[in-house]
2 protein chains.
Amino acid sequence: MNKFHEIFLDLEKKILTNDYPPQSLLPSENQLMKIYGVSRETIRKALNLLTNAGYIQKKQGKGSFVLDVKRFDFPLSGLTSFKELQANQHISNQTIVTTLEKEFVTPQLSQVSDWQVGEEVWHLIRQRRIDGEVVILDKDYLLADVIPELPLEKAEDSIYAYFEDELGLEIAYAKKEIEVKLITNEIQELMDLRPEDTHVIVVTSLVFLEDTTCFEYTESYHRLDKFRFVEFARRRKI
Amino acid sequence: MNKFHEIFLDLEKKILTNDYPPQSLLPSENQLMKIYGVSRETIRKALNLLTNAGYIQKKQGKGSFVLDVKRFDFPLSGLTSFKELQANQHISNQTIVTTLEKEFVTPQLSQVSDWQVGEEVWHLIRQRRIDGEVVILDKDYLLADVIPELPLEKAEDSIYAYFEDELGLEIAYAKKEIEVKLITNEIQELMDLRPEDTHVIVVTSLVFLEDTTCFEYTESYHRLDKFRFVEFARRRKI
DNA sequence: GCCCATTTGTACGTATGTATA
DNA sequence: CTATACATACGTACAAATGGG
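Here is a short report on the structure shown in this document. If you're wondering where the values come from, they're calculated on a predicted model, not measured in any experiment.

### What to know about the pairing of strand β2 (residues 63-66) of chain B
Residue and element names in this part refer to chain B.
Then step 1. Sheet topology note: the strand β1 (residues 56-59)/β2 ladder contains four bridges and is antiparallel. If you follow Q57 over to β2, its bridge partner there is F65.
Then step 2. In this structure, the hairpin formed by β1 and β2 is closed by a connection of three residues, where G61 is found at a positive phi of approximately 85°.

### As for the protein's contact with DNA strand C
Then step 1. If you check the shell around DNA strand C, you find 23 residues, and the closest are K3, E41, T42 and Q60 of chain A together with R40 of chain B.
Then step 2. Counted by atom, the contact set of DNA strand C within 4 Å of the protein is 66% sugar and phosphate.
Then step 3. For DNA strand C, a phosphate oxygen lies 2.8 Å from a polar atom in the backbone of E29 of chain B.
Then step 4. For the surface near DNA strand C, the element with the most residues is helix α3 (residues 40-52) of chain A, which contributes three residues.
Then step 5. Considering only residue class, the surface near DNA strand C consists of two nonpolar, ten polar and eleven charged.

### Description of the packing of helix α1 (residues 3-16) of chain B against helix α3 (residues 40-52) of chain B
Residues and elements named next belong to chain B.
Then step 1. Direction vectors running N to C along α1 and α3 enclose 50°, while the axes themselves pass 8 Å from each other. Here α3 runs oblique to α1, going by the angle between their axes. Along this stretch, α1 crosses α3, giving a crossing that reads as right-handed. Contacts between α1 and α3 involve K3, F4, H5, I7, F8, L11, E12 and I15 from the first element and T42, I43, K45, A46, L47, L49 and L50 from the second.
Then step 2. Taken together, the residues that form the contact of α1 with α3 break down as ten nonpolar, two polar and three charged.

Reading guide: rules and limits
- Residues numbered from 1 in each chain as written.
- Chains lettered and ligands numbered in written order.
- Predicted model: local features only at pLDDT ≥ 70, side-chain atom pairs only at ≥ 80, totals over all residues.
- Heavy atoms only, no water.
- Pairing = 2+ DSSP bridges.
- Helix = DSSP H or I, 4+ residues; strand = E, 2+ residues; numbered from the N terminus.
- Near = heavy atom within 4 Å.
- Polar contact = N/O pair within 3.5 Å; in protein donor to acceptor, adjacent residues only side chain to side chain.
- Nonpolar A, V, L, I, M, F, W, Y, C, P; charged D, E, K, R; others polar.
- Axes fitted to C-alpha atoms, helices over the stretch in contact; angles between N-to-C directions.
- Parallel < 35°, antiparallel > 145°, perpendicular 65-115°, else oblique.
- Left-handed = near helix turned anticlockwise from the far one by under 90°.
- Contact = heavy atoms within 4.5 Å.

Such coordinate-based values are descriptive only and should not be taken to indicate function.
This is the structure in structure tokens:
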């Protein structure tokens, strides 16, 4: 691994274990150079990662303040998937695959995904049970050209771990959209909704590889009372 | 302004005006060095800004691909405020201030904001009319220690422009949370809700300055049918 | 399969500017 | 005013991926 990434992970660990507690200052860039035996640029790259992740706030002439990261415990932002989410939380949960089949791209799907009509895609529907209730429903379409095989046991686990670790895909970025929509019959049947539920949250995602090909289109349906989205955002200077 | 930031703005403009159309490659870093007469590090900093903003995708050995930015037309992410949002859109809209007064921090507010009970804050409530209907309601609390004066005409315009351009505040980052909540009587009275509306989206934000002081706590209420949140997210490597 | 030019990624060194205390 | 700390900028070198011959 890179030096700057290793230093990032080390500093992250020390912040999380309170070796560098909130409100304190990290060692200066000069001191960190000596501590890790690297150049200043390498230190600054590591500090940039910490800054973007919301761990520190730098101030010219003063130093790098450690931010309070405990109040920010649910990082859905930054392309984290459901399975990775669970690892951080302590929720009893279960994934049930209700559909896993190859289909052809329809005109409707082509419009939202930019895939050619007739291309082969995997169609995957998964119920996400949390504490016994289906409160999330994930509908995925995956380009078969990129994902030739999609075994059931992988679909029940994390498809992202399968794509990255076993298929060697490099997932680069995603475009996400959050909206509220009326419940359809299909959703009604597949989710454990309450009588008073008339709407669901829909998180639509297009996910792209490093070569800018879109390989995944997802609609993730969330019951209103179970949805929460937390984001750390830096002010982009205009 | 910085060189790398100016180069970023110039490249951004050229991407938006299709001088560098989607799917094409930017000039190589070496070529850009010659074009702008700067060092490679400066070019790379500008390209990093483009990468983070979702304009390009770099690939080692190949170059920097221009991404299709048109399909991504509503950048609410990254701490953009309502007023800045409007500028990009072509929506008839209006802001009505219904409350603007100094108060003291209550224990409830203290819990969510980390402000001391009894500190002075501005309490600001604004109705956001879009096409004549109040579909967004913003409840702001602003630390009076940081914002000594808050004139009505500034509150009706963009408070962020007032803070940054006139007060010289440096807004650094924010923690945001999106949830769905039941409608309260207060919300019912201040928003133009439909008979079938039982819930609203609540976007809660804590906004921080460069010195890590929290100066703003906001609850933004959105009518379900008018809410949309779009995000560009890069995969953070684990 | 291999070499080679091109392109981006990482890393180091140095110098100067600017903000803070 | 000075020492310290971060910000910007330039230069250099080598590694790694890509694509053409």
